[in-house]
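# Architecture and fold: a report
Chain residues, written in single-letter form:
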Amino acid sequence: MDQNTPIEKEFRLTATQKKALKRLGIETTRDILFHFPSRYGSPLSIKHIADLKEGDEAIVYGKVFSAKTSKAYRQRIPLAEAMVQDDTGKIKAVWFHQAYIAKMLEDKPLVKLKGKVTKRGAYLYLANPEVEKTKTLPIDFADSLFAGKPGEDFLYPIYPESHSVTSRWFYHHIQTILKTDILDRLDDPIPDEILKKYHLPAQKTALIWIHSPKKESDAAAARKRFAFEEIFFIQLGRIGARMRYEKNRSFTVDAKNNDIADFTKRFNFELTAAQNKAIDRILDDFRSGKPMLRLLEGDVGSGKTAVAATTAYAVIATPPKGQKFGNLQVAYMAPTEILAKQHFKSFIEYFDHLNINIGLITGSGCYKYPSKINTEQPTSISRAQLLKWVANGEIPILIGTHALIQKSVTFKHLAYVIIDEQHRFGTKQRMMLAKKDSTAPHLLSMTATPIPRTLALTIYGDLDLTLLDEMPRGRKSIITKITSLAKRDAAYAEIKAELVNGRQLYVICPRIEEPDPTKELALNAKSVKAEAKRLKKDVFKDYEIGIVHGKMPPKEQQAVMSDFSGKRIDILVATSVIEVGVNVPNATMIIIEGAERFGLAQLHQLRGRVLRSEHQAYCYVFSGSDSEKSMTRLKALVQAKNGFELSELDLTLRGAGAMSGKKQWGITDIGMEAIRNIKLVEAARTEAERILSDDQALKKYQSLKTYVTMLDNNIHLE
Ligand code: ADP
Ligand code: MG
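What counts, and at which threshold
Residues numbered from 1 in each chain as written. Chains lettered and ligands numbered in written order. Predicted model: local features only at pLDDT ≥ 70, side-chain atom pairs only at ≥ 80, totals over all residues. Heavy atoms only, no water. Helix = DSSP H or I, 4+ residues; strand = E, 2+ residues; numbered from the N terminus. Expected span 1.5 Å × (residues − 1). Buried < 20%, exposed > 50% of the residue type's maximum accessible area, 1.4 Å probe, protein only. Pairing = 2+ DSSP bridges. Axes fitted to C-alpha atoms, helices over the stretch in contact; angles between N-to-C directions. Arc of directions from axis to C-beta. Parallel < 35°, antiparallel > 145°, perpendicular 65-115°, else oblique. Left-handed = near helix turned anticlockwise from the far one by under 90°. Contact = heavy atoms within 4.5 Å. Patch = residues over 30% accessible without salt bridge, like charges linked within 9 Å, V, L, I, M, F, W, Y side chains within 5 Å. Areas by Shrake-Rupley, 256 points an atom, 1.4 Å probe, with all protein chains shown as cover. Salt bridge = Lys/Arg side-chain N within 4 Å of Asp/Glu carboxyl O. Lys, Arg positive; Asp, Glu negative; His and termini not counted. Charge placed at Lys NZ, Arg CZ, Asp CG, Glu CD. Phe/Tyr/Trp six-rings, centres within 6.5 Å; stacked < 30°, edge-to-face > 60°.

Per an unreviewed UniProt entry, the protein goes by Probable DNA 3'-5' helicase RecG and derives from Candidatus Nomurabacteria bacterium CG1_02_47_685.

Next comes the structure, spelled out in structure tokens:
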């Protein structure tokens, strides 16, 4: 057996299993060996319905024989309820605030339910269980894997599974592989001395411990090792890319303090201390002789554009080397056309007095400011004309969408690239920019996505970080109210008073996490529709209510949005995934339903949508759970100073697993465990830096080199 053998050569697989494995990213023997348990538990957690007791956390399989929507009588909470039956008995399952689930169960499917057994009066029911349709019921779950060893303290690994490949399937097949000599033929990519230094088990040991731990500490040590390994390799990749970038020549921009002050004094506001500090940092980088790689993190509204404009000014005020006239050039990339246009407008204001050309390039057209005819106005020009002026340096500032980094766009002296709101501007794209000229531009990435510092140090491991942790003074802050189930009506009354005043309201429906993203979209759409209907019928009868969700065609979405900004709609019910209301200043209220399903940082971002007005803004956070823990967590929203603080809280309160690392950042659950541990992240960084900056070290670590090449991680170690 070899680690690269395709899995279907080793084991007999059905077509569905093959597909399922592929979806889990498993193709070779090695892949399955590195498919780690997500937790350890008892195999007895699957139960017969007749065996359920109050307080049990259990999985039951059964057939739905009735499903309907209803209302909890006192608080009129919409809910779904279903009766589920297995060979031994039946039980009710209830989903509060998720009435749409009844629809999903209409055709009486077989289901797997996972949740807590709760008692009301004499009856047991499952409260808000996770529900998943299944094709078959497990036949033999009662004779557990370890039925022969009662009482033994065995940690049973539970694997991320898929319909046709269960956790048990993984367990058996991995055990089979572990019995071969495959482990002896794996090379540990982490050098011994690093393992010793941080007390990490060797790869072989760790693989055994993670799949069949004898005690909890074994499993923990193994997970720590693989967490370190993942972060270490990400760091090798990012830091390696940075080192390569820094080998390029760069433009030296030595801005005079007086000139900068002259530029910033034209702003109709005082820069915050945080903005001034960020500007100073960037100007220092410009003088360093190395191309800058920096990330500017700041909440929405913290004033990132002013930092971008001021530093852009420093660049365009500098003539190219050896010249007395002309300007170095700046490219400013925004993720959407709307944002690019907004920046174009701001820059026209900021640079108006300087008599320089500013260009705009998007998929739908090109503009230049000032127009020859009316010098107060921008004018539409052909793409060819714009590209010509950019290439010969007559347009020193070019703003745009992704259109900006196409091959056809060449600059004469591109010295500074600013990227707005881009999670990750790939190494490849960066290289493209660097190639355009023989000298590499300084790079500033800007983001409002609040993530914890450890995560930033990892995924942005190639960038220096600067935080804008201060909001401009005098900004009206939002009033956030955490509303329990019982106080809903009071909240609705307050909202009505504002609607009467002419304000508008967003209602965000909970995100539904489904293993299958297409299904998730459908469920989200359903919950939006149901909630809009309920609000119209029971709460806001006199107001126009519109809906927007990801299953609507973009044209329809836009039509609804424009109805909302034109105030033909008062209330917009939307899913959390929809980027609603780029700018509807009159929408001053937002309700977030099912808030317990969101991270604090996400809730913070959602409420940022109503911060665009001179009117007082309100955010109502409706939790579907009144538990003390959930309420305490949500209260942090009222106190926190910024999103970054909240993201740190998320990490401590909910754990890394809740941050959906894989989906958002490409980091596995195990890797995310490291993100909780600043020491581990720092260790991985230190070691990666040490290895990459020491040629001798590299020669020593042959298997590390081989491994890195195998991962094809875009890392060139030499
Ligand atoms: P973001 O960080 O979200 O990109 P913007 O740069 O768009 O924020 O700034 C939001 C608003 O705040 C803009 O209207 C801008 O003019 C204003 N602004 C920026 N800095 C300050 C400041 N120091 N004081 C007052 N208003 C400011
Ligand atoms: Mg911005």
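### Some remarks on helix H11 (residues 304-316)
Taking 1.5 Å as the rise per residue, H11 with 13 residues should run 18 Å; its terminal C-alpha atoms sit 18 Å apart, in good agreement. Residues of H11 that are buried: Lys 304, Ala 306, Val 307, Ala 308, Ala 309, Thr 310, Thr 311, Ala 312, Tyr 313, Ala 314, Val 315 and Ile 316.

### Comments concerning the sheet that holds strand S21 (residues 545-548)
Reading across the sheet, the 6 strands line up as S19-S24-S23-S20-S22-S21 and stay open at both edges, with parallel pairing between neighbours. Each edge of the open sheet is held by one strand with a lone partner, namely strand S19 (479-483) and S21. Averaged over all neighbouring strand pairs, the angle between strand axes comes to 20 degrees, with direction disregarded. Pairing between strand S20 (residues 504-509) and strand S22 (residues 571-575): 5 bridges, direction parallel. The residue bridging Leu 505 from the neighbouring strand is Ile 571, located in S22.

### A closer look at the pairing of strand S2 (residues 57-72)
Examined bridge by bridge, S2 and strand S5 (residues 110-120) share 7 bridges and lie antiparallel to one another. Note on S5: the bridge partner recorded for Glu 57 is Lys 116. As defined by bridge partners, S2 adjoins strand S3 (residues 77-86) across 9 bridges and the pair is classed as antiparallel. Opposite Ser 70, over in S3, you have Leu 79 as the bridge partner.

### Points about helix H12 (residues 337-351)
Since there are 3.6 residues in each turn of an α-helix, residues three or four apart along the chain are aligned in direction. Between the first and last C-alpha of H12 there are 21 Å, a value that for 15 residues agrees with the 21 Å anticipated at 1.5 Å per step. Along H12, the residues classified as buried are Ala 340, His 343, Phe 344, Phe 347, Ile 348, Tyr 350 and Phe 351. Considered in projection along H12, the buried side chains sweep an arc of 165 degrees and stay on one side of the axis. Exposed positions of H12 whose direction lies more than 90 degrees from the buried face are Lys 345 and Glu 349.

### Description of unusual backbone geometry
The peptide bond linking Tyr 369 to Pro 370 adopts the cis configuration, its omega dihedral lying at -10 degrees. Among the secondary structure elements, Pro 370 is positioned in the loop between strand S12 (365-369) and strand S13 (379-381). You will see that His 97, though not glycine, has its phi angle at about 60 degrees, which is positive. Assignment of secondary structure puts His 97 in the loop between strand S4 (89-96) and helix H4 (100-104).

### Thoughts on the packing of helix H9 (residues 257-264) against H11
Any two packed helices are characterised by how steeply their axes cross, that is the angle between the axes, and by the distance between the axes. At a minimum axis distance of 10 Å, the contact between H9 and H11 shows a crossing angle of 135 degrees. It follows from the interaxial angle that H9 and H11 lie oblique. Between H9 and H11 the crossing geometry is right-handed. In this structure, H9 uses Asp 259, Ile 260, Phe 263 and Thr 264 to contact H11, whose residues at the interface are Ala 309, Thr 310, Tyr 313 and Ala 314.

### Comments concerning the sheet that holds S2
One closed barrel holds the 5 strands; their spatial order is S2-S3-S4-S6-S5, and the pairing between them is mixed. The average undirected angle you get between the axes of adjacent strands in this sheet is 45 degrees. Relative to S4, S3 is paired through 8 bridges, and the arrangement is antiparallel. In the sheet register, Asp 86 faces S4, and the bridge partner there is Gly 89.

### Examining a positive patch on the surface
Among the surface-exposed residues, Lys 103, Lys 529, Lys 533 and Lys 551 lie close enough to one another that they form a single positively charged patch. Along the chain, the position of Lys 529 falls in helix H17 (residues 517-539). Taking relative accessible area as the criterion, Lys 529 reaches 48% and is therefore assigned partly exposed.

### Section: the packing of aromatic side chains
In the structure shown here, the tally under the stated rule is 21 aromatic pairs. Relative to Phe 622, the ring of Tyr 492 lies with its centre 5.8 Å away and its plane at 85 degrees, an arrangement referred to as edge-to-face. Pair noted here: Tyr 492 is in helix H16 (residues 488-500) and Phe 622 is in strand S24 (residues 618-622), with a separation of 130 residues, a long-range link. By relative accessible area, Phe 622 is classed as buried at 1%. Taking the centre distance of 5.1 Å and the plane angle of 50 degrees together, the rings of Tyr 506 and Phe 564 count as tilted. Of this pair, Tyr 506 sits in strand S20 while Phe 564 sits in helix H18 (residues 554-565), placing them 58 residues apart in sequence. Ring pairs connect the aromatic residues Phe 263, Phe 267, Phe 269, Tyr 313, Tyr 332, Phe 347, Tyr 350 and Phe 351, which therefore count as one cluster.

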